[in-house]
Amino acid sequence: KYVSDEFIQVPYTSNPNYKDIITQIISEHKIDLIFLVAPTTTDERLEQISKIASGYIYYVSLKGVTGAANLDIDSVNYHLERMRHYIQLPVGVGFGIKDADTAKQVGENADAVIVGSALVSIVEELASDKDKMVTKVGNLAKEISSAIT
């Protein structure tokens, strides 16, 4: 059985009634409220998020499909610095991280590196050969882990 202690909030609303209800529910159940933040998130919204977010912030570093495009590391670093003016929580960066090199570059300034589609792609590609799939997923996970530690 899987038990989660996080709630990813998408989209964020400034509606005070909704905000109060969500905040009350997650507080009662000791669940962290994780917000997705994008390069287009305004400073005003970052300030609002900083008041109720808990756990960590998930920075969506790209528009589009996770892991599909080339990541602009300078842009990621700029937005991490901008977020940290408002948010004191750890920031995990996801989207666009597809190999150990990208993970290493992101990991130099991010608190966490989040890899999704690169692993899912392997699962889809090798779904008919479980042994190869497990080996290839394991190898990528090891490469990424080694690069960021």
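Since this is a predicted model, take the numbers as computed values, not measurements. (Residues numbered from 1 in each chain as written. Predicted model: local features only at pLDDT ≥ 70, side-chain atom pairs only at ≥ 80, totals over all residues. Heavy atoms only, no water.)

Draft legend 1. Main features of the overall build of the protein chain. Counting its secondary structure elements, the protein chain contains six helices and five strands. Going from N to C terminus, the protein chain has its helices and strands arranged as β-α-β-α-β-α-β-α-β-α-α. Relative to its full complement of 149 residues, the protein chain shows a buried share of 32%. The long-range fraction of contacts in the protein chain, counting pairs at least 24 apart against all pairs at least 6 apart in sequence, stands at 56%. Put simply, the protein chain shows about 9200 Å² of open surface, and 51% of that area lies on carbon and sulfur atoms. (Helix = DSSP H or I, 4+ residues; strand = E, 2+ residues; numbered from the N terminus. Buried < 20%, exposed > 50% of the residue type's maximum accessible area, 1.4 Å probe, protein only. Contact = heavy atoms within 4.5 Å. Areas by Shrake-Rupley, 256 points an atom, 1.4 Å probe, with all protein chains shown as cover.)

Draft legend 2. Quick peek at the confidence of the model for the protein chain. Averaged over all residues, the pLDDT of the protein chain is 85; the fraction at 70 or higher stands at 83%. Highest mean pLDDT in the protein chain belongs to helix H3 (residues 73-84) (95); lowest belongs to strand E1 (residues 6-9) (58). (pLDDT = per-residue confidence, 0-100.)

Draft legend 3. Region of interest: the pairing of strand E4 (residues 91-94). With burial as the criterion, each face of E4 is covered, one bearing Val91 and Val93 and the other bearing Gly92 and Gly94. Pairing of E4 with strand E5 (residues 112-114) involves three bridges; the strand directions are parallel. Within E5, the residue paired with valine 93 across the bridge is valine 113. As a crossover connection, the stretch from E4 through helix H4 (residues 100-107) into E5 is right-handed. (Pairing = 2+ DSSP bridges. Right-handed = clockwise from strand over helix to strand, strands pointing away.)

Draft legend 4. Geometry of the pairing of strand E2 (residues 32-37). The pairing of E2 with strand E3 (residues 57-60) spans three bridges and is classified as parallel. Across the sheet, valine 37 pairs through a bridge with tyrosine 59, a residue of E3.

Draft legend 5. Inspection of H4 at higher detail. Within the span of H4, buried status applies to Ala100, Thr102, Ala103 and Val106. The buried residues of H4 occupy one face: seen down the axis, they fall within an arc of 160 degrees. Lining the buried residues of H4 we find H3, E4, E5 and helix H6 (130-148). A side-chain oxygen of the first residue of H4 lies 3.3 Å from the backbone nitrogen of aspartate 101; this N-cap is aspartate 99. (Arc of directions from axis to C-beta. Polar contact = N/O pair within 3.5 Å; in protein donor to acceptor, adjacent residues only side chain to side chain.)

Draft legend 6. Inspection of the pattern of salt bridges at higher detail. Taken as a whole, this structure holds three salt bridges when the rule is applied. Of the charged contacts, one joins arginine 82 and aspartate 43 as a salt bridge, the two residues approaching to 2.6 Å between their closest N and O atoms. Residue arginine 82 is located in helix H3, and its partner aspartate 43 is located in helix H2 (residues 43-52); the two are separated by 39 residues in the primary sequence. A salt bridge links aspartate 111 to arginine 84, with the shortest nitrogen-to-oxygen separation between them at 3.1 Å. With aspartate 111 in the loop between H4 and E5 and arginine 84 in helix H3, the pair connects residues that are 27 residues apart, well separated along the chain. Assessed through its relative accessible area of 47%, aspartate 111 is described here as partly exposed. (Salt bridge = Lys/Arg side-chain N within 4 Å of Asp/Glu carboxyl O.)

Draft legend 7. Just the environment of serine 54, in detail. Mapped onto the elements of the fold, serine 54 is located in the loop between H2 and E3. In sequence terms serine 54 and isoleucine 31 are 23 residues apart; their C-alpha atoms lie 8.5 Å from each other. Once you skip the residues sitting within four places of it in the chain, serine 54 turns out to touch Ile31, Asp32, Leu33, Ile34 and Leu89. A polar contact is formed between the side chain of serine 54 and the side chain of aspartate 32, at a distance of 3.2 Å.

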